[in-house]
Amino acid sequence: MLAITAGEMLLLRTRCAVLRLTLAFSTAELPVIRLPRRTELWLESREKQNQSETVFAPRGGKLLISTRRRELVQLSRDICGKWEQPALVSRGWKHSQSHGDYFTINRQRDQRPWPETEDTFEPLQLHPSLLEALHALKITSPTWVQKHSIPVLLQGKNVLCASETGSGKTMAYLIPLMQRLLTQQGDLGSTEPRSLVLVPSRELAGQVTSVARRLVAHMGLTVRFVGGGLGRKSIEKQFDTSALDILVATPGALLKALKWDKLSLADLCFIALDEADTLFDDTFSGLVEEILMQTQIASHANEVCGAVRKAQLAIIGATFPKGVGQLLSKVTDIASIYTIKSKRLHFLMPHVEQTFRRLKGSDKISELVELLKKQAAEKHGSGILVFCNTSKTVNWLGYILNDHDIKHSRLHGQMPADMRVGIFNCFQKGDTDVLVCTDIASRGLDSCRVETVVNYDFPNTLEDYLHRAGRVGRIGSACQGSVVSFVTFPWDVELVQKIETAARKRSSLPGMESSIREAVQTNDPTNDQEKL
């Protein structure tokens, strides 16, 4: 049934009044009532529209975008031109009447876009003890990013590797690092670290330390971790008189130890910067620069393997780091850095379902509680990450969940260091199924048991969205997972429109860097950029 507005009803009543007057009076006495021509044409068009109402016939095929408005549904086989502006569900979401609208980017494939290859690690000629450690951990086949990055790192080249979240980048640099330590003898009796892994958070540092210790369990190598948030005695305690092969550290804690003359970075043979997009942002870039200025980074493979013994550099990230060229040009020749970049970098993950809901701020709590209780009723035993933009929101939301008897944990950067220790590990073990957190949990952490990510607060940048969404559908995950985002503010809508446009066009998200520097040329013809 066609809905009629108040204006249309008034016009129809006017026409009925004219008809009644025609019947009531003779032709000579009939009063003349004239309507504007524009109104007559409008009424005629409405009559034609009522007679031939548009019918959207359902079409068969897999859906790419699903929504309640049938004219905005897009099938997977529909092609949107490069310069064409597609019709968006979120186009009118800045209007107050859009509350309650939604759309879903459906899962387009059942498998991850970076599956394990059919190759093995044997052709890489790794140290026998390293091969045994990999087999003990049931790691027999490299992923795509490992297949392309490990051989280049074994050649002694500096590498910048940018690949999707959850694609196995940690092993991609730990394996060459340990190979270098096993084959290159250090100074006997030296207590200075031989390799350094720099990460932005103590949670990620603890995770990398755990993985490294499992690998070196039978190699005779030592792994030590130093993170921020602890006092001077706790930091100094990590640097005793024993040998130190692998140091995993956060920038702030490491810089303090350097200023206190507790260690030197002169003996490093390998440096890995993990989650480089975070390390090179405004928060950490100054600290990272000060640390790198105290090292000797090689500009050629001969300086790594020869008598000079400078440090090899590996830069790892899920998105291409901004400002990396300006910083690295101060410590090494950026033209010598071999770039490995996935062809799916900065794309939305095709194996993860992503839903966007336009909500009032006052409705977010009820939507979240309903979602969490539904997940608890299904008793999957899987994890849920609820992301907030500030630590205050994390604490406030935690009180609300307590009132609804929803068991959860909280994690944010304002917590004391002793409180943060072990919170994520308890979540991974399944002590709680819900973790309310800030973006501190979105970078690099292994979240294989996470099935659902909820953006209670929509992220501030597209990079943050990719990192949050990357907590599901990882290597080792039992399911591909889903992401649910609550969209509240006008600036949230602007980011959602970019995401929806990229999804409909099947293109990468806009505004992200894709190279160290425009038109970087190398003298080595074999050192071309390689894309996965």
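Residues numbered from 1 in each chain as written. Predicted model: local features only at pLDDT ≥ 70, side-chain atom pairs only at ≥ 80, totals over all residues. Heavy atoms only, no water.

## Observations concerning empty space enclosed by the protein
Then step 1. Following the criterion strictly, the structure yields three cavities of 30 Å³ or more and no others.
Then step 2. Volume-wise, the largest cavity comes out at about 90 Å³.
Then step 3. As for the largest cavity, its lining consists of Glu164, Thr165, Ala318, Thr319, Arg344, Leu345, His346, Phe347, Met349 and Leu466.
Then step 4. Of the residues assigned to the lining of the largest cavity, the class counts are five nonpolar, three polar and two charged. (1 Å grid on protein atoms, 1.4 Å probe; cavity = no way out; pocket = protein on both sides within 12 Å on 5 of 7 lines; lining within 4 Å. Points joined across faces, edges and corners; volume = space filled by probe spheres on them. Nonpolar A, V, L, I, M, F, W, Y, C, P; charged D, E, K, R; others polar.)

## Re unusual backbone geometry
Then step 1. You will see that Gln125, though not glycine, has its phi angle at about 55°, which is positive.
Then step 2. Here Gln125 shows up in the loop between strand 3 (102-105) and helix 3 (128-136).
Then step 3. At His346, a position not held by glycine, the phi torsion is positive, near 70°.
Then step 4. Judged by relative accessible area, His346 falls into the buried class, the value being 7%. (Helix = DSSP H or I, 4+ residues; strand = E, 2+ residues; numbered from the N terminus. Buried < 20%, exposed > 50% of the residue type's maximum accessible area, 1.4 Å probe, protein only.)

## Side note on the confidence of the model for the chain
Then step 1. Looking at the chain, pLDDT values average 84 and 86% of them are 70 or higher.
Then step 2. Put simply, strand 17 (residues 530-531) is where the chain has its lowest mean pLDDT, 36, and strand 11 (residues 353-358) is where it has its highest, 97.
Then step 3. Segment residues 518-532: pLDDT under 50, and 28 contacts once partners within four positions in sequence are set aside and those in other chains are kept. (pLDDT = per-residue confidence, 0-100. Contact = heavy atoms within 4.5 Å.)

## Details of the nonpolar core
Then step 1. Ranked by size, the top nonpolar core spans 82 residues in total, and within it Met178, Phe356 and Ile499 carry the most contacts.
Then step 2. Element by element, the count of residues in this core is highest for helix 5 (residues 169-183), at eight residues.
Then step 3. Discounting residues that sit within four places of it in the chain, Phe356 has contacts with Trp93, Asp101, Tyr102, Phe103, Ile105, Phe458, Tyr465, Ser485, Val487, Val496 and Ile499.
Then step 4. The next biggest cluster of nonpolar side chains, apart from the first, holds 39 residues, and it includes Phe239, Leu247, Leu258 and Ile337. (Core = buried A, V, L, I, M, F, W, Y, C linked by side-chain atoms within 4.5 Å.)

## Let's talk about the packing of aromatic side chains
Then step 1. Enumeration over the complete set of coordinates arrives at eight aromatic pairs.
Then step 2. Centroid distance Tyr456 to Phe486: 6.2 Å. Interplanar angle 70°. Geometry classified as edge-to-face. Residue Tyr456 is located in the loop between strand 15 (450-455) and helix 17 (462-469), and its partner Phe486 is located in strand 16 (residues 482-487); the two are separated by 30 residues in the primary sequence. Note on accessibility: Tyr456 and Phe486 belong to one class, buried.
Then step 3. Relative to Tyr465, the ring of Phe458 lies with its centre 5.9 Å away and its plane at 20°, an arrangement referred to as stacked.
Then step 4. Phe458 gets classed as buried once you look at its relative accessible area, which sits at 3%.
Then step 5. Through a chain of ring-to-ring contacts, the aromatic side chains of Trp93, Phe103, Phe356, Phe458 and Tyr465 assemble into a single cluster.
Then step 6. It is Lys364 that lies over the ring of Tyr456; its NZ or CZ is 4.3 Å from the centre.
Then step 7. Residue placement shows Arg449 over the ring face of Phe427; its charged tip is 5.1 Å from the ring centre. (Phe/Tyr/Trp six-rings, centres within 6.5 Å; stacked < 30°, edge-to-face > 60°. Lys NZ or Arg CZ within 6 Å of the ring centre and 35° of its normal.)

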